[in-house]
Amino acid sequence: MTDTKYTRKINTALISVFDKEGIDEIASILSTNGVKILSTGGTYGYLVEKGFECEKVEDITSYPSILGGRVKTLHPKIFGGILARRDNQKDEDERKEYGIPCIDLVIVDLYPFEATVASGAPEQDIIEKIDIGGISLIRAAAKNYRDVLTVSGKEQYAAVKELLKAGQCETSLEERRRYAAEAFLKSSHYDTEIFSWFNGSYDIPSFSKSIVMHSPLRYGENPHQKALFFGDPASLPKQLHGKEISYNNMVDIEAALELISDFDNDGGKNVTVGVIKHNNACGCATRGNLVDAWKDALSGDPVSAYGSIIVTNTKITAEAAEEIGKIFFEVIIAKGYDDEALELLEHKKNRIILMDNGTKLSCKKFRSMFEGVLVQDRDTCVETPGDLRPVTVTKPTEAQIADMLFANKIVKHSKSNAITLAKNGMLLASGIGQTSRVDALKQAIEKARSFGQDLEGAVMASDAFFPFSDCVEVADKAGIKAVIQPGGSIRDQESIDYCNTHGMAMVMTGKRHFKH
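Residues numbered from 1 in each chain as written. Predicted model: local features only at pLDDT ≥ 70, side-chain atom pairs only at ≥ 80, totals over all residues. Heavy atoms only, no water.

Participant: Is there a simple way to think about the overall build of the chain in this case?
Facilitator: Within the chain, the regular secondary structure consists of 18 helices and 25 strands. Dimensions of the chain, computed from the C-alpha atoms along their principal axes, are close to 100 × 55 × 45 Å. A total of 516 residues make up the chain; the buried ones form 47% of that total. Where the 62 positive side-chain charges of the chain centre and where its 73 negative ones centre are 3 Å apart. (Helix = DSSP H or I, 4+ residues; strand = E, 2+ residues; numbered from the N terminus. Buried < 20%, exposed > 50% of the residue type's maximum accessible area, 1.4 Å probe, protein only. Lys, Arg positive; Asp, Glu negative; His and termini not counted. Charge placed at Lys NZ, Arg CZ, Asp CG, Glu CD.)

And the structure:
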């Protein structure tokens, strides 16, 4: 780009907008500076009603709006006036030969396609909200940014008003180029949303995702790294109190919500509390009331709970808030808070307090990889008693089945290789992120013993199959009596044989839950 001071005086403006609120203020500045206004349909009627002198596009093209308004501006006299290069003599000669007026400013606000889709409107209504003329005007004006200023949406009205006022309707090349970049962003986003809607019926392979809305995070994974969240802040749990959320907070918050989403509250009968540290549950318990659930979740690993994320599937009471507030934690997420509970938790000014009003979790997972992106379905599988296949002579009791399903939910959300140990609806310990499965088990056993947990009669869950029988042997010697695992190893029978010899129960699910 050269000559950033290359200014252009706006003599003629074309305004064609869906959202008209505030456009009269821009029209006022244009009129004050002697700019001729061209307009279409409803925009023309709105501006005339507001007292502005406008010329209809139809009067220039000699064609009326046709096909139910589908064709209004698609005409050489309009697009020629936008695309004509002012410093190109051939363009100028042709423009004059065909009586094409120069258009120096294009203001468009597109049909609200996204909002129409979100409203649940029928297909025909959605189709009619695919803007053709408007998107074409935006692209044409942006392409010819050396001569034309492009306003591509209502969110720019306020800034454009100040720009025009300050420059008395003169703009620099740099200003026009910046608005052109934003125009192509708008065009790209709009087309991506249309493709995504059509592709919902076909699943054509394409990584096409456009998220323009963004919020700064406190910092990235480390303080020297910058970070942004791209998405609608309204889609996140509502922040009631505390400091600005960081990248690590955001990742842990999602991990906490994914975990708790697998635990049904059952009308308040099964209150679950999870304690999350670095994306993994270091404590979790299901009880008949919140205070007991919290105390037992904390007792699983009170050391790791320091600086953790706490999540529950119920409302926080004052009694529970008083207990929870005895330790330092970064974030708490709940379905709601009693007034007194909120007051107690707010005593720490930086403590992040979030309310989960049914936060929607993405059905897809993305990860940047080299110069591309990995995409997969989110693991939404939650095993039930009917999914369990007993493979040993000793069959699990109802209590053991309940504990195995409980432990399996937690291991699913733990970093592989992962093992979880549980008893009576409580996580006793977990071994996570180990390079061998038996090391993960040994880590879990050592941790449980270090906090005085009784492993006798506990159950073990594994996120993947046992390659050897060493895991069930180590578990048996620690007092563990029942095992849940996916199965699928060529040596499954060795583990089954050991369990049969030593009176252990084992079930297989057929579903692996790796998490890398």
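Participant: Would you mind going over the packing of aromatic side chains with me for this structure?
Facilitator: Within a pair of aromatic rings, the relevant descriptors are the distance that separates the centres and the angle that separates the planes. The tally for this structure, following the rule as stated, stands at seven aromatic pairs. Taking 4.8 Å as the distance between ring centres and 75° as the angle between the ring planes, the aromatic pair formed by tryptophan 197 and phenylalanine 198 counts as edge-to-face. Since its relative accessible area comes to 37%, phenylalanine 198 is described here as partly exposed. Pairwise contacts between aromatic rings join Phe113, Tyr190, Trp197 and Phe198 into one cluster. The ring of tyrosine 6 has arginine 146 sitting right over it, with the charged end atom 4.8 Å from the ring centre. (Phe/Tyr/Trp six-rings, centres within 6.5 Å; stacked < 30°, edge-to-face > 60°. Lys NZ or Arg CZ within 6 Å of the ring centre and 35° of its normal.)

Participant: I'm lost on the pattern of salt bridges in this one. Help?
Facilitator: If the charged atoms of two oppositely charged side chains come close together, the side chains can form a pair. For the structure shown, the criterion picks out 25 salt bridges. The salt bridge involving aspartate 104 is made with arginine 86; its shortest N-O contact spans 3.0 Å. Remark: arginine 86 occurs in the loop between helix H4 (76–83) and helix H5 (89–97) and aspartate 104 occurs in the loop between H5 and strand E5 (105–109); sequence separation between them is 18 residues. As far as the burial class goes, aspartate 104 and arginine 86 line up, both buried. Of the charged contacts, one joins lysine 165 and glutamate 162 as a salt bridge, the two residues approaching to 4.0 Å between their closest N and O atoms. Here glutamate 162 and lysine 165 lie together in helix H9 (residues 157–167), a separation of three residues that amounts to about one turn. Relative accessible area serves as the criterion here: at 49%, lysine 165 is assigned to the partly exposed category. For glutamate 162, a relative accessible area of 43% translates into the label partly exposed. (Salt bridge = Lys/Arg side-chain N within 4 Å of Asp/Glu carboxyl O.)

Participant: Please clarify how the pairing of E5 should be interpreted in this entry.
Facilitator: Consecutive side chains along a regular strand alternate between the two faces of the sheet. Most of E5 is tucked away, with five of its five residues classed as buried. Sheet topology places strand E2 (residues 12–17) next to E5; five bridges connect them, and they run parallel. Residue pairing across strands places isoleucine 15 opposite isoleucine 107, the latter belonging to E5. (Pairing = 2+ DSSP bridges.)

Participant: Explain the nonpolar core to me, please; I cannot follow it from the model alone.
Facilitator: One broad trend across soluble globular proteins is that nonpolar side chains are buried collectively. Ile316, Ile332, Tyr337, Leu421, Met460 and Met506 are the most contacted members of the largest nonpolar core, which has 54 residues in total. Residue contacts for isoleucine 316: discarding those within four places in its chain leaves Leu290, Ala321, Ile324, Ile332, Ala334, Gly336, Tyr337, Asp338, Ala341 and Leu345. (Core = buried A, V, L, I, M, F, W, Y, C linked by side-chain atoms within 4.5 Å. Contact = heavy atoms within 4.5 Å.)

Participant: Got a minute to help me understand the sheet that holds E2 in this structure?
Facilitator: By way of backbone hydrogen bonds, the strands of a sheet pair with one another, either parallel or antiparallel. Strand order in the open sheet formed by five strands is E4-E3-E2-E5-E6, with parallel pairing between adjacent strands. Because the sheet does not close on itself, it has two edges, and the strands there are strand E4 (55–56) and strand E6 (149–151). When E5 meets E6, the two strands line up parallel, connected through three bridges. Paired with leucine 105 across the strands is leucine 149, a residue of E6.

Participant: When you look at a nonpolar patch on the surface in this model, what are you seeing that I'm missing?
Facilitator: Judged by side-chain polarity, Phe207, Phe366, Val373 and Val375 come together as a nonpolar surface patch covering roughly 350 Å² of accessible area. Within the secondary structure, phenylalanine 366 sits in strand E18 (residues 364–369). The partly exposed category is assigned to phenylalanine 366, whose relative accessible area is 41%. (Patch = residues over 30% accessible without salt bridge, like charges linked within 9 Å, V, L, I, M, F, W, Y side chains within 5 Å. Areas by Shrake-Rupley, 256 points an atom, 1.4 Å probe, with all protein chains shown as cover.)

Participant: Mind showing me how you'd approach empty space enclosed by the protein here?
Facilitator: Empty space among the atoms becomes visible once a probe the size of a water molecule is rolled across them. Evaluated as defined, the whole model comprises one cavity of 30 Å³ or more. Reported here for the largest cavity is a volume of approximately 30 Å³. Forming the boundary of the largest cavity are Cys381, Val382, Glu383, Leu405, Asn408, Lys409, Lys412 and His513. Taken together, the residues that form the lining of the largest cavity break down as three nonpolar, two polar and three charged. (1 Å grid on protein atoms, 1.4 Å probe; cavity = no way out; pocket = protein on both sides within 12 Å on 5 of 7 lines; lining within 4 Å. Points joined across faces, edges and corners; volume = space filled by probe spheres on them. Nonpolar A, V, L, I, M, F, W, Y, C, P; charged D, E, K, R; others polar.)

Participant: Looking at this structure, how should I read helix H18 (residues 492–501)?
Facilitator: Residues that lie three or four places apart on an α-helix share one face, since the helix turns once every 3.6 residues. All of the buried residues along H18 are Asp492, Ser495, Ile496, Tyr498 and Cys499. Projected onto a plane normal to the axis of H18, the buried residues spread over an arc of 160° and lie on a single side. On its buried side, H18 packs onto helix H17 (470–477), strand E24 (482–485) and strand E25 (505–508). Downstream of H18 by one or two residues, glycine 503 has phi in the positive range, about 70°. (Arc of directions from axis to C-beta.)

Participant: I keep staring at the environment of serine 304 and nothing clicks. Help me out?
Facilitator: One can find serine 304 in the loop between helix H12 (290–299) and strand E13 (308–312). Serine 304 gets classed as buried once you look at its relative accessible area, which sits at 19%. Sequence separation of serine 304 and lysine 277 is 27 residues, and the distance between their C-alpha atoms is 6.9 Å.

Participant: I keep staring at the layout of surface pockets and nothing clicks. Help me out?
Facilitator: Computed from the structure, the second largest pocket encloses a volume of approximately 460 Å³. Lining of the second largest pocket is provided by 27 residues; of these, Gly69, Arg70, Lys72, Tyr111 and Asp131 occupy positions nearest its centre. Across the lining of the second largest pocket, the residue classes break down as 10 nonpolar, 10 polar and seven charged.

Purely spatial values, then, with no claim about function.
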